[in-house]
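What follows is each chain in one-letter form.
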Amino acid sequence: MSLSVSQDALRLRCLNLAKRIADDLATRQLTTGHFEQPDFYAKAFAVNLWHRIDSVKFGPNIDRALPALKSEPRDKTCHREFIEYALLDTPGLSSETITDILRGAKQQCPDVANWQILGLINRQKRKAGLTAKLLNLAHFAFILFRYWRAPVFTDRPDCFSAQYHAFCAALLSDSPDRRHQRIASRATEILAQLAGRHGFVNLLGRGAGQSFGAACALYVLLKTGYHNEAEAILHRLEDALLKAGQLPLNLLAPAPLPENPGPENPQTPGWYSYNRHDDYLAFAGYWLLKASQLPAPKHIRSPASKTTSNNIVTQYSSAYYHAQMTLCGRQNFNVSGTPVVVAGQGKPARIFLPPTGGEQDAASLYGQASQPLPAIGETEFARFLQTRQISDNKIDVSFELAGIVGHRIIEFQNARVIISDQIPDCAANELELFRILIDGNIGLTQIAEDTIICPELGIKLTANAPLHMIPHATFSAAGPATRIRAKAGQGEYAVLTISWGRF
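Residues numbered from 1 in each chain as written. Predicted model: local features only at pLDDT ≥ 70, side-chain atom pairs only at ≥ 80, totals over all residues. Heavy atoms only, no water.

1. Some remarks on the confidence of the model for the chain
Stage number 1. Looking at the chain, pLDDT values average 92 and 96% of them are 70 or higher.
Stage number 2. At the low end of the mean pLDDT range in the chain sits strand E3 (residues 308-309), at 73; at the high end sits helix H2 (residues 42-54), at 98. (pLDDT = per-residue confidence, 0-100. Helix = DSSP H or I, 4+ residues; strand = E, 2+ residues; numbered from the N terminus.)

Here it is in structure tokens:
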């Protein structure tokens with residue numbers, strides 16, 4: 001297959017996904033113009049998507065959505081920056097209509113990178129005078145100073161999210177400003193490294209696995225010539241849609257949306273208090289349609305390097321697995337207590353150690369029991385102190401439990417990941433080391449008190465202490481998770497080895 005045909009095929013697949021989402025949104029729209037579930041900005045991005053795909057076919061949907069947009073309350077829940085971005089990019093909407101919809105809605109301007117970039121680009125689109133240009137320069141300088149830590153955008157200062165990094169890169173890549181595009185190009189390489197050949201691009205940080213972050217990453221990778229990595233992400237989107245019947249909110253747990261989605265419902269993994277399914281559905285459709293309209297890139301990029309690290313993100317990749325971790329953050333869900341591990345490479349790859357923790361500063365399915373660090377029973381849980389890289393393939397996680405500082409050393413080898421836990425002088429009888437979470441959909445068999453195997457993935461877990469396996473003990477971003485733990489005595493030092501190969 002020639003390169004041009006291959007590029008055309010990718011764009012056609014993106015277009016088909018975008019059309020499917022547009023149809024789903026039209027079906028989900030109520031006669032009032034609103035959607036079945038509450039939304040923040042779904043109507044604005046749906047209007048954009050419907051206009052650009054077929055304004056005649058979706059004309060009745062557009063006519064219902066615009067008055068519904070005008071009726072939204074102008075309070076602190078109004079996502080003004082998102083709505084304005086969608087409307088300013090919608091062909092056929094008059095400036096009077098946009099002004100009428102936005103009248104009374106204030107800029108939110110939270111201390112979050114993607115909101116700041118949205119505000120910058122909206123101003124860039126609506127104002128062209130010298131004062132606006134100077135303000136835009138100053139605003140972009142502020143964004144770079146506060147959130148840009150080359151080659152990554154932090155979601156909030158010192159907090160990385162692959163999903164929101166991809167969103168920032170997509171916003172700047174789509175901007176006509178050349179400086180914005182240059183920064184976006186620098187930010188794209190790490191997305192290629194995160195996606196690799198397996199296509200799970202947004203496993204780290206806030207919003208792990210959610211669909212719109214994958215769509216944003218697909219857009220910038222396809223635009224910059226990372227053909228293989230973009231195709232891998234596209235496969236994950238298509239596969240999730242096939243399994244769920246529609247594009248799910250979370251690609252890691254593809255399932256139809258239940259009637260009562262939310263953090264109280266265990267059938268909605270990856271769901272936090274601010275999530276809105278129709279928001280993310282429309283937003284993913286927006287970027288997929290843009291991806292379908294990209295010209296062929298001037299250069300095709302070679303595959304990203306297999307192992308990379310900086311002060312914020314570290315990765316290790318071999319023929320057997322791909323592992324990634326975040327090394328800093330303000331709260332538990334920002335930092336990796338264990339690596340996220342994708343077993344295998346390419347389309348057959350499976351997530352073995354899933355993203356864990358959830359967002360514990362908001363309502364979610366993920367309590368403290370979802371933290372993959374030592375604990376004392378189910379009552380006292382370790383807290384992160386610091387995570388640092390001590391060599392190219394070794395990480396030190398320090399934590400505090402019962403007033404004592406412990407250490408977890410994680411070592412990546414070609415066919416093994418070794419996790420060592422130590423809490424000196426801890427005499428608690430109920431001390432549990434490891435507490436590693438494994439995707440609950442993966443079959444595990446305990447063949448000895450210190451050995452567990454996963455036949456379908458060719459993985460063996462062995463330890464120097466008895467292992468205890470608790471199926472569906474808690475939740476990860478991929479849904480129910482199996483917990484692996486080891487009971488330890490006073491001053492115990494425990495080692496868990498995850499190995500690939502024949503056993």
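2. Quick notes on the environment of alanine 382
Stage number 1. Position of alanine 382 relative to the elements: it lies in the loop between strand E9 (380-381) and strand E10 (383-391).
Stage number 2. The spatial distance from the C-alpha of alanine 382 to the C-alpha of alanine 402 is 7.8 Å, given a sequence separation of 20 residues.
Stage number 3. Other than its neighbours up to four places away in sequence, alanine 382 contacts Leu373, Pro374, Phe399, Glu400 and Leu401. (Contact = heavy atoms within 4.5 Å.)

3. Brief notes about the sheet that holds E3
Stage number 1. Strand order in this open sheet of five strands is E3-E4-E5-E6-E7, and the pairing throughout is antiparallel. Unpaired on one side and paired on the other, E3 and strand E7 (350-353) mark the two borders of the sheet.
Stage number 2. Sheet topology places strand E5 (residues 321-326) next to strand E6 (residues 340-343); four bridges connect them, and they run antiparallel. Residue tyrosine 321 lies in a different strand from E6, and its bridge partner there is alanine 343.
Stage number 3. Of the strands in this sheet, E3, strand E4 (313-317) and E5 are in contact with helix H9 (residues 178-195), which crosses E4 at around 45°. (Pairing = 2+ DSSP bridges. Axes fitted to C-alpha atoms, helices over the stretch in contact; angles between N-to-C directions.)

4. As for the pattern of salt bridges
Stage number 1. Following the criterion strictly, the structure yields 30 salt bridges and no others.
Stage number 2. Each member of the salt-bridge network shares a partner with another, and the members are Glu378, Glu432, Arg435, Arg483 and Arg485. (Salt bridge = Lys/Arg side-chain N within 4 Å of Asp/Glu carboxyl O.)

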